[in-house]
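Spelled out from the first residue to the last, the chains are:
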Amino acid sequence: MTPRIAIVTGAGRGLGRTMALGLLKHGLTVVAVDRDREPLSEVASLAGDDASRLLTFAQDLTASAAAENVEQFVMQKHGRIDILVNNAGIRSRKAFEQFTHEDFDRVVAVNLRAPFFASQAVIPIMRRQGGGVIVNMASQLGIVASRFGAIYSLTKA
């Protein structure tokens, strides 16, 4: 049986790290993606016996060609993509009237734009191979008002 290949974005810390390590424990090959190399090194050190099935890829997913870069990297290494976990996300905590255009653009780029284009990049591959799974992480703050998280809540709704 061909090993299943999973991409996990935002895999350097928090839930992304936990999901990447959990998928490894369940026998999947994991491509851990994060914008910073240092936390990816920590994930690799935590992988233990499963480290041979872990690849790390430092990429800022808000960059124009980022999704295609990740997709090409994975396809060159493994020739398939079975699971995409769009986990990368950021939150800017300010009162509503204090948000700037830059705050808005950054949160929307990470929480909406990046998963949209990552999904768009893998869907043709998944269709050709007969299927796949895309998981988009949400938040309870997408349905509950937050005094200091208006933009985050908007992107998770």
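Treat the numbers as computed from the prediction; the structure is a model and nothing was measured.

(A) Geometry of the nonpolar core. In terms of nonpolar packing, the biggest core is built from 20 residues, with Ile-7, Val-31, Val-33, Leu-61, Val-70, Val-74 and Ile-81 touching the most fellow members. Contributing elements (two or more residues each) for this core: strand E1 (5–9), strand E2 (29–34), helix H3 (66–78) and helix H4 (101–128). Per-element tally for this core: the top contributor is H4, with six residues. Once you skip the residues sitting within four places of it in the chain, Val-33 turns out to touch Ile-7, Val-8, Thr-9, Gly-10, Ala-11, Leu-40, Phe-57, Gln-59, Leu-61 and Val-70. Counting residues in each nonpolar core, the second largest holds 15 residues, with Leu-21, Ala-47, Ile-83 and Val-85 among its members.

(B) A look at H4. End to end, H4 covers 40 Å across 28 residues, agreeing with the expected 40 Å (1.5 Å per residue, within 8%). Within H4, the axis deviates most sharply at Ala-109, by approximately 45°. Gly-130 sits one or two positions beyond H4 and adopts a positive phi of about 95°.

About the cut-offs
- Residues numbered from 1 in each chain as written.
- Predicted model: local features only at pLDDT ≥ 70, side-chain atom pairs only at ≥ 80, totals over all residues.
- Heavy atoms only, no water.
- Core = buried A, V, L, I, M, F, W, Y, C linked by side-chain atoms within 4.5 Å.
- Buried < 20%, exposed > 50% of the residue type's maximum accessible area, 1.4 Å probe, protein only.
- Helix = DSSP H or I, 4+ residues; strand = E, 2+ residues; numbered from the N terminus.
- Contact = heavy atoms within 4.5 Å.
- Expected span 1.5 Å × (residues − 1).
- Bend = angle between axes of the 7 residues up to and from the residue.

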